[in-house]
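Below, each chain spelled out in residue letters.
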Amino acid sequence: MVDARLEIDAVSKRYGDVVALQDMTFDVRAGELFGFVGSNGAGKTTTMRIVLGVLAADSGQVRWDSEPITADTRRRIGYMPEERGLYPKMKVGEQLTYLAELHGMPRAVARAAALQWAEQLGIAGRFGDEVQKLSLGNQQRVQLAAALVHDPRILVLDEPFSGLDPVAVDVMSEVLRRKAEQGIPVVFSSHQLDLVERLCDRVGIVRSGQMVACGPVDELRDTGTARLSVLAPDAPAGWADGLPGVTVVEARRGRTTLSLATGADDQAVLAAALATGPVHEFARQRPSLTELFRNVVSAPTAEEAAS
Amino acid sequence: MSNAQYDGPGALSAAGGVRLIARRELATRLRAKSFLISTAIIVVFIIGYLVLMNFIGSTSSSSTVGLTAQTSSLSTAVLASGKATGQDIETRTVSEKAGREQVADGKLDVLLVGTADAPTIVVKKQLSSGLTNTFHVFAQQQALGAQIDRLGGDPAKVQQAMATAQLPVQRLQSVDRYQVQRIVLGVIAVVLIYMSLMINGQAVAAGVIEEKSSRVVELLLATVRPWQLMAGKVLGIAVVGLVQMVIFAVVGVGLGLATGAFAIPAGLITGAAVWAIVWYVIGFAMYAVMLAAAGALVSRQEDANAVVTPVIMLIVVPAVIGWSLIPANPDGMAGRVLSLIPLFSPMIMPMRISLGVAAPWEIAVSLVLSVALVVALVALAGRVYRNAVLRTGARVRLVDALRAA
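Labelled according to an unreviewed UniProt entry, chain B appears under the name ABC transporter permease, originating from Actinocatenispora comari. Of the comments in the UniProt record for chain B, the one headed Subcellular location (unreviewed entry) reads "Cell membrane".

As recorded by an unreviewed UniProt entry, chain A carries the name ABC transporter ATP-binding protein and is attributed to Actinocatenispora comari. The UniProt entry for chain A carries this comment under Sequence similarities (unreviewed entry): "Belongs to the ABC transporter superfamily."

Right under this line is the structure:
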């Protein structure tokens, strides 16, 4: 159980002539928070729907614990669809109990779990109310409870943070972190990259149905071009020209921002800067996830480059 | 965790999923105000109809004719004329003064005053058309009697001979003495089937659209297959409709038998009720799967009409044809043929069965054909439903839903 991984292996899907996914491959390990990012239409929702079995893949495989995923395994997934959905006229408690039962829980257990999650997410007071009578924020909490009520072994959440107020974002983050700590693989998609960067162990960046970058956030940030920020007030313009592999990005009021090609020597930059006078600041800047994301999604695709 | 005792692998059989979904439909619908109100209205309608029938039956044109001491000898002749003209008449002897008051009060319909040879009719305003006939015949009989008497004959003998005169009749077809009641029974059965199909069939479409428009369908399809969701919904609502039909049948048959409103053997009524329920179940299966598939094509309740109406027409047209064709000509060729055609059978066959004109082989053939159609429709509708139910947004075209893999 502890080593169980959710593997998405070379999954492809077409809608008519449109390629939605092409050899989508990644894995989510037990106890890991995996952030799934990409532009709208990149294929995140399609991937999640295929994992849940709501859609069928044209080719490729989804595996859990090294076995192809089955309907019974899928019942142990907690799912939050991008398009939120609950029966508007059903009471919160009945709805959660019903969904837990559909996931295979016996009725009494389902009811107890519904009550427990309602308490945990602060909606126990609305247990007997129809969902449509709840505020939007509370409906989101019910939706989260619906993903968690059957004690899932895997969590797949499509845009769980969208539309949440800051307090709810904290509640959601806390719940996801706690679930990961219990050894559950958690994969969620989001456009809030700072949140993904803060929360996730690993991220995958999708573009046009393909995984273009996947790994721990730190590693990914290291793979991009490194930048140096140097504050040397006495340095004349063009002091860094001629240093091998170094390009000046910006020079303003004594602060020079340089980008280093792979293998360029930052110590040579420091020596050159010291040669101009005092150096008050010398900092290596790694790209943020947002910058990485911009680079990745704005780079031309293989096909575009070929044409 | 409070659910620590739960460690099952989440096993849920296919039937288990269908049962859960059907149970939710049943639980939410049986408690719904709309169900309670529509059932109550129809029950009131049935009770009202039976009470009315009973009331009309018990007060069928009984008139009271008052006779004074001078005219009391006419009693037998008045009664005979009443019988000859189909009027149920009682006679009562009163004093002329009291009789006139009673006519004014409406306690007597008619008072005969004057003498037995030349009576005068006293009425409040005018004679009812039935009594006009009666007294017309009465006057003719009196005149005829007087003539016979003058010719030296015996008026009593002549009257008797005339009363028993009758021509023998040769019947080419036997007449069912319950013909009218059977027609009423058949029409009521089909009206109930029709209403139940309309109410509950549209509930299936609305339920499918509700799941699609609220987008809860994606959450459900992460746990069950599309066919389970559709089957559970159709079964659940079918049971709701069945509960309703049984309530109608029990109220209708029970009250009908208790009040004697039908004046027809209990076996006939019970048979009609049982066949109505059988054909309701078959008809529901037929139309509900079509309506479920139709509902899956659209994402908003506002778009429901466009897809639901064509299916509804498939209920309305056979019902209208049945009502206009069968009671007028129960054994006509058109009715016989239509009752065998699957989409017409649920509306026309129960009526023909009630009328006692459906041959056993006809019933068997219509059952087999209808069930075969249900099987084919389940496969087709299941395909449309599966392909369309996750496509939100614009209305899905039927051909696309049928074609898509």
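Engineer: Looking at this structure, I do not really get the side chain of Thr276(A). What am I missing?
Structural biologist: Residues and elements named next belong to chain A. Mapped onto the elements of the fold, threonine 276 is located in the loop between helix H9 (266-274) and strand S14 (281-285). Only 2.6 Å separates the side chain of threonine 276 from the backbone oxygen of alanine 273, close enough to count as a polar contact. Other than its neighbours up to four places away in sequence, threonine 276 contacts Ala232, Asp234, Ala235, Pro236 and Trp239.

Engineer: Explain the interface of chain B and chain A to me, please; I cannot follow it from the model alone.
Structural biologist: Interface size is commonly expressed as the accessible area that is lost once the parts come together. Every contact between the two is made by 30 residues of chain B and, on the other side, 38 residues of chain A. Both sides of the chain B and chain A interface together cover about 3,200 Å² of buried area, and 55% of this is carbon and sulfur. Across the pair Glu94(A) and Arg31(B) runs a salt bridge, and its minimum N-O distance is 3.4 Å. Here chain B and chain A share seven residue pairs in polar contact (both at pLDDT 80 or more) between them.

Engineer: Please clarify how the domain arrangement of chain B should be interpreted in this entry.
Structural biologist: Each assigned domain of chain B is listed with its residue range as follows: domain 1 (17-47 + 178-403) and domain 2 (62-158). On a C-alpha basis, the centres of domain 1 of chain B and domain 2 of chain B stand 57 Å from each other.

Engineer: Would you mind going over the UniProt feature "transmembrane region" (unreviewed entry) in chain B with me for this structure?
Structural biologist: All names here are of chain B. Feature annotation in UniProt places "transmembrane region" (unreviewed entry) on residues 35-56, 183-209, 229-262, 274-298, 304-325 and 363-385, given in this structure's numbering. In residues 183-209, helix accounts for 100% and strand for 0%; the two terminal C-alpha atoms are 39 Å from one another. Helix makes up 92% of residues 274-298 and strand makes up 0%, while its end C-alpha atoms are separated by 36 Å.

Engineer: I'm lost on the packing of aromatic side chains in this one. Help?
Structural biologist: Geometrically, a pair of aromatic rings is defined through the distance of the ring centres and the angle of the planes. Evaluated as defined, the whole model comprises eight aromatic pairs over all chains. A centroid spacing of 6.4 Å and a plane angle of 50 degrees characterise the contact between Phe34(A) and Phe36(A), whose relative ring orientation is tilted. Residues Phe34(A) and Phe36(A) agree in their burial class; the two are buried. Ring geometry for Phe135(B) and Phe138(B): centres 5.9 Å apart, planes at 80 degrees, overall edge-to-face. Of this pair, Phe135(B) and Phe138(B) both sit in helix H5 (residues 129-150), three residues apart, roughly one helical turn. Across this residue pair, the class does not change: Phe135(B) and Phe138(B) are buried. By the ring-pair criterion, three or more aromatic residues cluster together here, those being Phe26(A), Phe34(A) and Phe36(A). The lysine or arginine in question, Arg24(B), covers the ring of Tyr87(A), its NZ or CZ lying 3.6 Å from the ring centre.

Engineer: Any chance you could explain the layout of surface pockets here in plain terms?
Structural biologist: In this approach a probe as big as a water molecule rolls over the atoms, and the regions it shows empty are the leftover space. Residue and element names in this part refer to chain B. Of the voids in this model, the largest pocket is the one considered here, and its volume is about 800 Å³. The set of elements that each furnish at least two residues to the lining of the largest pocket consists of helix H1 (14-31), helix H2 (33-58), helix H7 (179-213) and helix H9 (226-259). The residue inventory of the lining of the largest pocket, partitioned by class, reads eight nonpolar, seven polar and ten charged.

Engineer: Looking at this structure, I do not really get the sheet that holds strand S10 (residues 210-216) of chain A. What am I missing?
Structural biologist: Backbone-to-backbone hydrogen bonds pair the strands of a sheet. The strands run either parallel or antiparallel. Residue and element names in this part refer to chain A. Read across the sheet, six strands follow the order S6-S7-S8-S3-S9-S10 without closing on themselves; strand pairing throughout is mixed. Of all strands in the sheet, those bounded by a partner on one side alone are strand S6 (77-80) and S10. Shown here is a sheet whose adjacent strand axes are inclined to one another by a mean of 15 degrees, direction ignored. Bridge analysis of S6 against strand S7 (residues 154-157) gives four bridges, and the strand direction is parallel. The residue bridging isoleucine 77 from the neighbouring strand is isoleucine 154, located in S7. Each of strand S3 (33-38), S6, S7, strand S8 (186-189) and strand S9 (202-207) is contacted by helix H1 (residues 44-52), which is oriented at about 135 degrees to S3, the strand it contacts most. The strands that helix H10 (residues 289-298) touches are S3, S9 and S10; relative to S9, the one it contacts most, it runs at about 30 degrees.

Engineer: Got a minute to help me understand the pairing of strand S4 (residues 59-64) of chain A in this structure?
Structural biologist: Two faces belong to every sheet, and in a regular strand the side chains alternate between them. Residues and elements named next belong to chain A. In the sheet, strand S1 (residues 5-15) pairs with S4 via five bridges, with the strands oriented antiparallel. In the strand pairing of S4, glutamate 7 is matched with arginine 63. Bridge count between S4 and strand S5 (residues 67-68): two bridges; the pairing is antiparallel. The residue bridging tryptophan 64 from the neighbouring strand is glutamate 67, located in S5. Hairpin geometry of S4 and S5 is characterised by an intervening segment of two residues between the two adjacent antiparallel strands and by a positive phi of about 60 degrees at aspartate 65.

Engineer: How should I be thinking about the pairing of S10(A) in this particular structure?
Structural biologist: Residues and elements named next belong to chain A. Looking at chain direction, S9 and S10 are connected through six bridges and run antiparallel. Residue glycine 204 lies in a different strand from S10, and its bridge partner there is cysteine 214. Joining the antiparallel neighbours S9 and S10 is a turn of two residues, in which serine 208 adopts a positive phi near 45 degrees.

Engineer: Whenever I open this one, the sheet that holds strand S2 (residues 18-29) of chain A confuses me. Can you help?
Structural biologist: The four strands lie next to each other as S2-S1-S4-S5 (chain A), forming an open sheet whose pairing is antiparallel. Looking at which strands have only one partner, the edges of the open sheet turn out to be S2 and S5 of chain A.

Engineer: So what exactly am I meant to see when it comes to helix H4 (residues 96-105) of chain B here?
Structural biologist: At 3.6 residues per turn, the α-helix brings residues three or four places apart onto the same side. Residue and element names in this part refer to chain B. Taken together, the buried positions of H4 are occupied by Gly99, Gln102 and Val103. Buried residues of H4, seen end-on, are gathered within an arc of 100 degrees and therefore sit on one face of the element. With respect to the buried face of H4, the exposed residues turned more than 90 degrees away are Lys97 and Asp105. Taken together, the buried residues of H4 touch strand S2 (88-93), strand S3 (110-114) and strand S4 (119-122).

Engineer: Explanation requested: the confidence of the model for chain A in the structure shown.
Structural biologist: Low-confidence regions, as indicated by low pLDDT, have predicted coordinates that should not be scrutinised in detail. Averaged over all residues, the pLDDT of chain A is 87; the fraction at 70 or higher stands at 96%. The least confident element of chain A, judged by mean pLDDT, is helix H11 (residues 302-306) of chain A at 54; the most confident is S8(A) at 95.

Engineer: Would you explain the pattern of salt bridges in this entry?
Structural biologist: It is possible for side chains bearing opposite charge to pair when their charged atoms get close. Residue and element names in this part refer to chain A. In total, this model carries 30 salt bridges over all chains according to the counting rule given. Here aspartate 27 and arginine 5 are joined by a salt bridge, their closest N and O atoms 2.4 Å apart. Taken together, the residues span a long stretch of sequence, with aspartate 27 in strand S2 and arginine 5 in strand S1 at a distance of 22 residues. By relative accessible area, which is 11% here, aspartate 27 ends up buried. Looking at arginine 5, the relative accessible area reads 32%, which means it is partly exposed. Among the salt bridges present, the one from glutamate 101 reaches arginine 107, with a minimum N-O distance of 3.6 Å. Residue arginine 107 is classed as partly exposed on the basis of its relative accessible area of 44%. Look at the salt bridges and you will find they share partners, linking Arg5, Glu7, Asp9, Asp27, Arg29, Glu32, Arg63 and Arg202 into a network.

Engineer: Explain a nonpolar patch on the surface here, please?
Structural biologist: All names here are of chain B. Side chains of Leu30, Val239, Val243 and Ile247 sit close together on the surface and give an oily, nonpolar patch of about 240 Å² of accessible area. No other element matches H9, which puts three residues into the nonpolar patch. With respect to the element layout, isoleucine 247 can be found in helix H9.

Criteria and thresholds
- Residues numbered from 1 in each chain as written.
- Chains lettered and ligands numbered in written order.
- Predicted model: local features only at pLDDT ≥ 70, side-chain atom pairs only at ≥ 80, totals over all residues.
- Heavy atoms only, no water.
- UniProt positions renumbered as here; feature names shortened; annotations may be inferred.
- Helix = DSSP H or I, 4+ residues; strand = E, 2+ residues; numbered from the N terminus.
- Polar contact = N/O pair within 3.5 Å; in protein donor to acceptor, adjacent residues only side chain to side chain.
- Contact = heavy atoms within 4.5 Å.
- Buried area = accessible area lost by both parts, 1.4 Å probe.
- Salt bridge = Lys/Arg side-chain N within 4 Å of Asp/Glu carboxyl O.
- Domains from an automatic or database assignment.
- Phe/Tyr/Trp six-rings, centres within 6.5 Å; stacked < 30°, edge-to-face > 60°.
- Buried < 20%, exposed > 50% of the residue type's maximum accessible area, 1.4 Å probe, protein only.
- Lys NZ or Arg CZ within 6 Å of the ring centre and 35° of its normal.
- 1 Å grid on protein atoms, 1.4 Å probe; cavity = no way out; pocket = protein on both sides within 12 Å on 5 of 7 lines; lining within 4 Å.
- Points joined across faces, edges and corners; volume = space filled by probe spheres on them.
- Nonpolar A, V, L, I, M, F, W, Y, C, P; charged D, E, K, R; others polar.
- Pairing = 2+ DSSP bridges.
- Axes fitted to C-alpha atoms, helices over the stretch in contact; angles between N-to-C directions.
- Arc of directions from axis to C-beta.
- pLDDT = per-residue confidence, 0-100.
- Patch = residues over 30% accessible without salt bridge, like charges linked within 9 Å, V, L, I, M, F, W, Y side chains within 5 Å.
- Areas by Shrake-Rupley, 256 points an atom, 1.4 Å probe, with all protein chains shown as cover.

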